[in-house]
Amino acid sequence: TGDGVCRLNPSGHQRFERVPLADDPAGKYVANTLLEDHAGTVWVGGEREAFRLSEEGGRWVARRSDLHIPKHPGLQEITGLVEDAHGALWVGAVNGLYRRWPDGRSERYTVEQGLPNDRISVMLRQSNGRLWVGTWGGLVELVADPPPNGRIVERTYHAADFGSGGIDLIEALLETPDGRIWIGRPQNLVESYPDPRTGLRRFRAHEIGYARSSIEPAALAQDPAGNLWIGTNAAGATRVLRSGFSTFDEADGLASLHVVAVSESRRGKLGFATRGERGRLLLHHFDGERFTSVAPNVPREDPSGWGWYQLTFEDSAGQWWVPTGRAIYRFPRVGRLQDLAHVRPEAIWTRPDSRADMEPFRLYEDSRGDIWIGVISLLPGGTRIDRWERRTEKFHRYIVGRDFQQFWAKGFAEDRTGTIWAGGDRVLCRFRRDRWDCLESDGLPKGETWALHADRAGRLWVATTQGLVRIDDPAAERPELVIYTTRQGLSSDSCWSLTEDSWGRIYVGTRRGLDRLDPATGQIAHFTAQDGLPMIAGTATLDRQGVLWFGTGLGVARLIPEPEAPLLPPAVRIQALSVAGVSQAVSEFGETRILQPGLGTAQNNLRIGFAGFDYRGVLRYQHRLEGADPDWSPPSRDRTVSLASLAPGTYRFLVRAVDEHGQVSASPASVAFSILPPLWRRWWFVLLAAAALAQALYLLHRARVGRAVELERLRLRIASDLHDDIGASLSQIAILSEVARQRSVQGQNGIAEPLSQIAQSSRDLVDSMRDIVWAINPRRDRLHDLVQRVRRFAADTLTAKGIELVFHSPDERELPLDPDVRRQAYFILKEAVNNIARHSGCTRAEIDIAVEGGRLHLCVRDDGVGFEKPAAENGHGLASLRDRARSLGGELAVASRPGDGTRIEVHLPLRS
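One structure accompanies this document, and this report is about it. (Residues numbered from 1 in each chain as written. Predicted model: local features only at pLDDT ≥ 70, side-chain atom pairs only at ≥ 80, totals over all residues. Heavy atoms only, no water.)

Looking only at helices and strands, the chain features six helices and 62 strands. Out of the 912 residues in the chain, the part that is buried amounts to 47%. Counting contacts in the chain only where the partners sit at least 6 residues apart, residues at least 24 apart contribute 52% of the total. Of the accessible surface of the chain, which amounts to about 46300 Å², a share of 50% is contributed by carbon and sulfur atoms. (Helix = DSSP H or I, 4+ residues; strand = E, 2+ residues; numbered from the N terminus. Buried < 20%, exposed > 50% of the residue type's maximum accessible area, 1.4 Å probe, protein only. Contact = heavy atoms within 4.5 Å. Areas by Shrake-Rupley, 256 points an atom, 1.4 Å probe, with all protein chains shown as cover.)

This is the structure in structure tokens:
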């Protein structure tokens, strides 16, 4: 960097560690280039000096080396570092080339030692040990093993050697695994390769400049797929796809860009046919670098017709066949292609009937040397195919399929059994037993047939406008067909040309480019203009060196196929993550997990962005949400997924990339998260609710048990009252009745007194029964009922004694009272009233009933004789009142003095 060396430590706490190169107070020191030598030492090229990096005390530090670069006016920098086979360090600087030997000795080389320029821009060590130096004056190839103080320059290359103009500045160098050296120059990229004939190095320039921008390559690299990457100074990064295509046009000698036929002779000569002005056929040979062309010696007034693909060629005997719109010309064997311009044809075949509807459209030579000719037939009568028999030099005419009208043969092929196949519109035929039979199969596409090819495995391939057909056993009576269309991965159903490479892969020229099909795996690769294919490949062939040639409407394309390298599965990373519209942190490695313990109910909307990188083509993506989706989604180019309205639960989002060969990512990228349930569904809330419910059930049970106990106690009290009051009264009545009976039997007087006592006891017994019935009646559980009964009892009792009664009652008469409270309060008041009537000797009594602070207050006062409190407390009356109050959790207070009346106050709860 411009501030020293920066070291990346992905696993460390401090991700980037800066290593300064000098004790500069400003802390700025440029690091231009890095090198790791054979011993593992890291060298840094800085300003005027080189540094060695070492780890000391857990930190990396830079130490100055003993190599000092003399100061250069205006510029001081090291631009290149390489190590040779002897361990010597070569240093490129702005003022020359330096070599530092392992023992510390150093040498400097400048223009005086043969360099074209002292300013070194880039350096490269080739895999064979040869050193290359890029300068501002050209590219220098150093001698194989330069001796000390000896000659170092083997050869210097300038712009003229690269086949392009411009300055001699070299800005970048790269060696690829195939041994080629790529040279980055302003606005172009130069490919260097050895000439197989001379062994000398040859160059081909590839323009990379654009109309409005000048690209200056600053760095070159090659990715695992073989594509070249160009880092530029001011135009970003540029990728040069490694397809293997080389294109040839008029600059390479083609007389016309409209290539209609490509063939190879039995002698290994490549022949190309183009259609020039007025449709005239032009023939070409290729010498490895350029094309030479010739116009065959046919009459200018004879139109060339419009046939293509299998059209003109040099046959097995060296004779040339050239069809036109009116005739077929056969030229003798010539020494040079240019001789066809003036040599006379040795045979001319014209249409005997001179009908305008007959025109040669396809020419094909079989293994016997016979020539098959597909003839255009625009009139009814079927498809016409002619065969020129070499043994007899005679023509044989065949009418194929009379039901097929106004169509003609558009392609020929010969299978391994010697059977000739021809394809036309909606028909596929074969020549067996000296006759043509049309193939009957329901699966044959109903489109036009444009090309046929018999591969080395014995299969027959048919290119139609509705897909590609494969016939594995052409010799079968009813061959089975395998159809390839866009559903199987073809770029288009409209197929135009066919050929095969040395590895048995089939190349199909389609309306949308070139497809390569591997029959063994079914994988299909696509090539388009982005890969260097100039246009639709209308014709194709494989030469004996294993090179593929394609004829297009914009020239010739050449492809040197290579065996399929092991493909690494594409990688995929998470790029972005947002939760409910809020962005989340994502690591540089695409692995993320939400740090919160869980997402709330309102955060159940996630948006996830992801991406993969593939050097070979376009990726598609599949995703799956564990916990919701059982299967992967269909492949799509979309790189974002929205997950909305997720139910509470634990999830894991997975995404994987799928390349054009069907390979998927070895390890999907993932995001794990959980959506918390609502408050009322969380475990602690459920636990608390269960505890509260258990507590409520317990309290309800306890209340029910308490109520049952209370009822049981009430029954016990009622039984006790019945036993004490009613039982005692009934016993008294029984005794008095017996006394009255005996006196009556004995004739004694005094019967009236027992009978009077019986009557009184009976009345008391009725009152007691009424009190008990009232006390247990649930419809009397109100304050109003208590007040009413107490008022009536007090009035009846005190008025009979001539005592004035003053009664005060509260307004909350509808206030509910506990049955036991009502009962005990009544008996307390009743006992107090009885005491006033029997013992007070008063003339006036007051009764107050009030409700204050959730308690019932009772007060009874009289103006009677009063009593001494200690003596009174020894009696049973006040003790009974106090026990009743205490049984309810209440309080009783008595205030009395002789001659000053008595006051009794009781405070009771409303609920017992």
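This part takes up the sheet that holds strand β49 (residues 555–559). Pairing is antiparallel across the open sheet formed by four strands, whose spatial order is β22-β49-β48-β47. Of all the strands in the sheet, the pair left with one neighbour each is β22 (245–248) and β47 (539–542). Across this sheet, the average inter-strand angle for adjacent strands is 20°, counted without regard to direction. Note: β22 against β49, four bridges, orientation antiparallel. Bridged to F248 within β49 is V556. (Pairing = 2+ DSSP bridges. Axes fitted to C-alpha atoms, helices over the stretch in contact; angles between N-to-C directions.)

Our focus in this paragraph is a nonpolar patch on the surface. A grouping of W680, W683, W684, F685, L687 and L688 is seen on the molecular surface, where their side chains present a nonpolar patch of about 740 Å² in accessible area. Along the chain, the position of W683 falls in helix α1 (residues 683–746). (Patch = residues over 30% accessible without salt bridge, like charges linked within 9 Å, V, L, I, M, F, W, Y side chains within 5 Å. Salt bridge = Lys/Arg side-chain N within 4 Å of Asp/Glu carboxyl O.)

We now examine the side chain of T419. With respect to the element layout, T419 can be found in the loop between β35 (411–414) and β36 (420–424). At 3.1 Å, the side chain of T419 forms a polar contact with the side chain of T417. When residues no more than four places from it in sequence are discounted, the contact partners of T419 are A413, E414, R430, F431 and R432. (Polar contact = N/O pair within 3.5 Å; in protein donor to acceptor, adjacent residues only side chain to side chain.)

On the basis of which strands lie adjacent, the open sheet formed by five strands has the order β58-β59-β60-β62-β61 and mixed pairing. Two strands in the sheet have a free side with no partner beyond their single neighbour: β58 (804–808) and β61 (891–896). Geometrically, the sheet is characterised by an average inter-axis angle of 10° between neighbouring strands, direction not taken into account. Lying over the sheet, helix α4 (residues 819–840) contacts β59 (844–852), β60 (855–862) and β62 (902–909), oriented at roughly 5° with respect to β60.

Compared with an ideal rise of 1.5 Å per residue, which puts 17 residues at 24 Å, helix α3 (residues 783–799) spans 24 Å between its outermost C-alpha atoms and is within 8% of the ideal. Turning to α3, its buried residues number three or more, namely L783, D785, L786, V787, R789, V790, F793, A794, T797 and L798. (Expected span 1.5 Å × (residues − 1).)

Scanning the entire structure with this criterion turns up 32 salt bridges. Across the salt bridge formed by R391 and E389, the nearest N and O atoms sit 3.1 Å from each other. The exposure class assigned to E389 is buried, which follows from its relative accessible area of 12%. With a shortest N-O distance of 2.5 Å, E905 and R903 are connected by a salt bridge. The network of salt bridges with shared partners includes E804, R844, E846, D848 and R861.

Next up on the list: the pairing of strand β25 (residues 281–286). The side chains of a regular strand alternate between both faces of the sheet. Counting buried positions over the six residues of β25 gives six, a clear majority of the element. What you see with β25 is no split at all: L281, L283 and H285 on one side and L282, H284 and F286 on the other are buried throughout. Bridge analysis of strand β24 (residues 270–275) against β25 gives five bridges, and the strand direction is antiparallel. Within the sheet, the bridge partner assigned to A273 lies in β25 and is L283. Linking β24 to β25, which pair antiparallel, is a turn of five residues; within it R278 sits at a positive phi near 60°. As judged from the four bridges shared by β25 and strand β26 (residues 291–294), these two strands associate in the antiparallel manner. Bridging across to β26, L283 finds its partner in V294. Linking β25 to β26, which pair antiparallel, is a turn of four residues; within it G288 sits at a positive phi near 105°.

Looking at where L174 falls in the secondary structure, it is placed in strand β15 (residues 172–175). We classify L174 as buried; its relative accessible area is 14%. Sequence separation of L174 and L220 is 46 residues, and the distance between their C-alpha atoms is 6.0 Å. Once residues within four sequence positions are removed from consideration, L174 is found in contact with L124, R180, I181, W182, L220, A221, Q222 and L228.

Let's shift gears to the packing of aromatic side chains. One pass over the structure, following the stated rule, counts 33 aromatic pairs. On the basis of an interplanar angle of 20° and a centroid distance of 5.8 Å, the ring pair of W90 and Y109 is categorised as stacked. Taken together, the residues W90 in strand β8 (residues 89–93) and Y109 in strand β10 (residues 106–109) connect sequence positions 19 residues apart. Here the two residues W90 and Y109 agree in accessibility, since each one is buried. Their ring planes at 65° and their centres at 5.0 Å tell us that Y157 and F203 sit as a pair that is edge-to-face. Taken together, the residues Y157 in strand β14 (residues 153–157) and F203 in strand β18 (residues 201–207) connect sequence positions 46 residues apart. The class of Y157 is buried, set by a relative accessible area of 3%. The buried category is assigned to F203, whose relative accessible area is 14%. Put simply, the rings of F248, F272, F286, F291 and W549 pair up and form one aromatic cluster. (Phe/Tyr/Trp six-rings, centres within 6.5 Å; stacked < 30°, edge-to-face > 60°.)

Time to look at α4. Counted at 1.5 Å a residue, the expected span for α4 with its 22 residues is 32 Å, and the 30 Å between its end C-alpha atoms agrees. Burial runs high along α4: 18 of the 22 residues are buried. Directly beyond the C-terminal end of α4, a positive phi value near 65° is found at G841.

On to the packing of α3 against α4, then. Interaxial distance between α3 and α4 falls to 10 Å at its minimum, and their mutual angle equals 15°. Here α4 runs roughly parallel to α3, going by the angle between their axes. Two packed elements cross with a definite hand, and for α3 against α4 that hand is right-handed. Along the contact surface, α3 presents L786, R789, V790, F793, A794, T797 and L798, while α4 presents R822, A825, Y826, L829, K830, V833, N834, I836 and A837. (Parallel < 35°, antiparallel > 145°, perpendicular 65-115°, else oblique. Left-handed = near helix turned anticlockwise from the far one by under 90°.)

A few words on the nonpolar core. L786, I849, L856, L858, I904, V906 and L908 are the most contacted members of the largest nonpolar core, which totals 38 residues. Counting residues per element, the ones that place at least two in this core are α3, α4, β59, β60, α6 (876–887), β61 and β62. Broken down by element, this core gets its largest block of residues, 10 residues, from α4. Residues in contact with L786, not counting those within four places in the same chain, are W774, L817, R822, A825, Y826 and L856. Counting 35 residues, the second largest nonpolar core, distinct from the first, contains L281, V294, Y329 and L468. (Core = buried A, V, L, I, M, F, W, Y, C linked by side-chain atoms within 4.5 Å.)

All right, on to unusual backbone geometry then. Positive phi, normally seen in glycine, also occurs at Y309, with a value near 70°. Inspection of the secondary structure puts Y309 in the loop between β26 and β27 (313–314). The class for Y309 is buried, based on a relative accessible area of 8%. Phi at E393 takes a positive value of approximately 55°, unusual for a residue other than glycine. Relative to the helices and strands, E393 resides in the loop between β33 (383–389) and β34 (394–400).

Turning to its location among the elements, S880 is positioned in helix α6. Classification of S880 as partly exposed rests on a relative accessible area of 29%. Separated by 53 residues in sequence, S880 and F827 have C-alpha atoms that sit 9.9 Å apart.

Turning next to the environment of E389. In this fold, E389 is placed in strand β33. Taking the C-alpha atoms as reference points, E389 and W372, separated by 17 residues in sequence, lie 8.8 Å from one another. A polar contact is formed between the side chain of E389 and the side chain of H396, at a distance of 2.8 Å.

Glancing now at the side chain of R516. If you trace the backbone, R516 turns up in strand β45 (residues 513–517). Accessibility expressed as a relative area gives 13% for R516, which makes it buried. The contacts of R516, once residues within four sequence positions are left out, are R505, I506, Y507, Q523, I524, A525, F527, E564 and H661.

Such coordinate-based values are descriptive only and should not be taken to indicate function.
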